[in-house]
Amino acid sequence: MSRVLIIGAGGVSSVVVKKCASLPQYFSEIYLASRTVSKCEKLQQEAGADRVKEVFAVDADNVPELVSLINKVKPDLVINVALPYQDLTIMDACLETGVHYLDTANYEPKDEAKFEYSWQWAYQDKFKQAGLMALLGSGFDPGVTNVYTAYAAKHYFDEIHYLDIVDCNGGDHGQAFATNFNPEINIREITQRGRFWENGEWKETDPLSVREDLDYQNIGVRASYLMFHEELESLVKHFPTLKRARFWMTFGDAYLTHLRVLEGIGMTSIEPIEFQGQQIVPLEFLKAVLPDPGSLAEGYTGKTCIGTYITGLKDGKEKTIFIWNNCDHAACHDEVGAQAVSYTTGVPAMIGASLMLEGQWMKPGVWNMEQFDPDPFMERLNQYGLPWQVIECDSPFAK
Ligand code: NDP
């Protein structure tokens, strides 16, 4: 028997809850908690009250509140699909109650858009000593992209040298401007300076200033921009043979124009301002007026293509492969009522959780995805809705 407590009831959670609910062989009892309990109730209704046993309101910024909830539910594992701001409080509560932990995004302080694993890696000894495991970044990117890299290193290469992760959303949601996951987290991420790894050091670029037009499988050519993404940090640490590691994401012209205007007038700032006698954070206000990413699912057409180009040596010869998944927005809506960005995050969270609960991926400590055997995870991607393909490329990825 395995009991999970899912924290957060937004777009990604809706997929995690429904996928876990459909797999009683891994998740025999499911509990759900979030800030707004009505969102949990709605999800409980959609997934079935026989599968989601009970729902709770919780403030996941508050460790004592989390501890008392976890002690009440007594789960084997907490799946954190709230926001990155809550990672450390939920990890603290898991340590205090003796429960395993999983998330999909690295910790960020609310008052500083800083993306690094240092805060969570600092929990390594505490989790080890407690005999508990924390699995970090079990979404798509980070998550599946880390596992693709580990799979390539295991099966296709003797040594990997160049890594380019590419993330294309070729979908159309019909809105003038919207983000596909939490707007606050998304805008903080894409407005930061670009960063990539080359010859043993991080190199910086101005935000979204480096562009390549890349051809995505079953989508076509899209403008792609170099940005920093958190999996680069763990991948260059765990694959020290990498000479260069970069991340690219597609943005349309209309999206970038909106973003530049919003930035230009200060709406993406995280510095609080005084407004009608109270302090407000412009980006939090912007989030409140933008569409809820979950609401984009209906009528969303087109596909995503997220994958990993890897160049390295096999038997002394250089070669390049591309591993990727295409995910169709409308098919995700038909299956679980979600759009593909929530789906591609929620399914890997469910898979990571299933492998932990079964003991296939279980060792005390704090781990990134590439530190486990990629094979069972890759098998489950094919089985549970995110099938992948591998091709050998004629030439390396754009230099
Ligand atoms: P949403 O904003 O849709 O959902 C977040 C949920 O967390 C909401 O239900 C929210 O409550 C709840 N929440 C926020 N603060 C608290 C709190 N203090 N206490 C309790 N609950 C809280 O976000 P998404 O579903 O889009 O994203 C979820 C996570 O997935 C994020 O960490 C995001 O970074 C990550 N992600 C990872 C990806 C990957 O590939 N690895 C890709 C996309 C997202 P309320 O409803 O009251 O606001």
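Predicted model only: the values in this text are computed from it and were never measured.

What about the domain arrangement of the protein chain?
When the parts come together, some accessible area is lost, and that loss is often what is quoted as the size of the interface.
Move 1: When its domains are assigned, the protein chain resolves into domain 1 (3–136) and domain 2 (144–337 + 387–393).
Move 2: Computed from C-alpha atoms alone, the centre-to-centre distance between domain 1 and domain 2 is 24 Å.
Move 3: On the domain 2 side, the residues contacting the 20 residues of domain 1 number 16 residues.
Move 4: Between domain 1 and domain 2 lies a buried interface of about 1,600 Å² when both sides are counted; carbon and sulfur atoms form 52% of it.
Move 5: On the domain 1 side of the interface with domain 2, the three residues burying the most area are Phe115, Tyr117 and Trp121, jointly 36% of the side's total.

Considering the packing of aromatic side chains
Move 1: In the structure shown here, the tally under the stated rule is 20 aromatic pairs.
Move 2: For the ring pair Tyr26 and Tyr384, a centre distance of 6.2 Å and an interplane angle of 85 degrees mean the geometry is edge-to-face. One end of the pair, Tyr26, is in the loop between helix H1 (11–21) and strand S2 (29–34); the other, Tyr384, is in the loop between helix H14 (374–383) and strand S18 (389–393), with 358 residues separating them in the sequence.
Move 3: For Tyr384, a relative accessible area of 11% corresponds to the buried category.
Move 4: In this structure an aromatic cluster arises from ring pairing among Trp248, Tyr309, Phe322, Trp324 and Phe397.
Move 5: In this structure, Lys126 packs its charged tip against the face of Tyr123, placed 4.7 Å from the ring centre.

Looking at the site of the ligand
Move 1: In the vicinity of the ligand lie 28 residues, with Arg35, Thr36, Lys39, Ala60 and Asn182 positioned nearest.
Move 2: Residue Asp141 places a main-chain N or O atom 3.0 Å away from an oxygen atom belonging to the ligand.
Move 3: Taken by itself the ligand offers 930 Å² of open surface, and the protein chains cover 93% of this.
Move 4: Split into classes, the residues belonging to the shell around the ligand amount to 13 nonpolar, 10 polar and 5 charged.
Move 5: Mapped onto the domain boundaries, the shell around the ligand takes at least three residues apiece from domain 1 (3–136) and domain 2 (144–337 + 387–393).

A few points about unusual backbone geometry
Move 1: Backbone torsion omega between Asp141 and Pro142 reads 10 degrees, so that peptide bond is classified as cis.
Move 2: Considering the arrangement of structural elements, one finds Pro142 in the loop between strand S6 (133–136) and helix H7 (144–155).
Move 3: Phi angles above zero are rare outside glycine, and Lys74 is one such case at about 50 degrees.
Move 4: Relative to the helices and strands, Lys74 resides in the loop between helix H3 (63–73) and strand S4 (77–80).
Move 5: Given a relative accessible area of 57%, Lys74 falls into the exposed group.

With respect to the sheet that holds strand S17 (residues 365–368)
Move 1: One open sheet holds the 7 strands; their spatial order is S3-S2-S1-S4-S5-S6-S17, and the pairing between them is parallel. The sheet is open, and its two edges are formed by strand S3 (52–57) and S17, each paired on a single side. Strand-to-strand twist across the sheet, computed as the mean angle between neighbouring axes with direction ignored, equals 15 degrees.
Move 2: With 5 bridges connecting them, S2 and S3 associate as parallel partners. If you follow Ile30 over to S3, its bridge partner there is Val52.
Move 3: Sitting on the sheet, H1 touches strand S1 (3–7), S2, S3 and S4, and the angle it makes with S2 is about 165 degrees.

Parameters at a glance
- Residues numbered from 1 in each chain as written.
- Predicted model: local features only at pLDDT ≥ 70, side-chain atom pairs only at ≥ 80, totals over all residues.
- Heavy atoms only, no water.
- Domains from an automatic or database assignment.
- Contact = heavy atoms within 4.5 Å.
- Buried area = accessible area lost by both parts, 1.4 Å probe.
- Phe/Tyr/Trp six-rings, centres within 6.5 Å; stacked < 30°, edge-to-face > 60°.
- Helix = DSSP H or I, 4+ residues; strand = E, 2+ residues; numbered from the N terminus.
- Buried < 20%, exposed > 50% of the residue type's maximum accessible area, 1.4 Å probe, protein only.
- Lys NZ or Arg CZ within 6 Å of the ring centre and 35° of its normal.
- Near = heavy atom within 4 Å.
- Polar contact = N/O pair within 3.5 Å; in protein donor to acceptor, adjacent residues only side chain to side chain.
- Areas by Shrake-Rupley, 256 points an atom, 1.4 Å probe, with all protein chains shown as cover.
- Nonpolar A, V, L, I, M, F, W, Y, C, P; charged D, E, K, R; others polar.
- Pairing = 2+ DSSP bridges.
- Axes fitted to C-alpha atoms, helices over the stretch in contact; angles between N-to-C directions.

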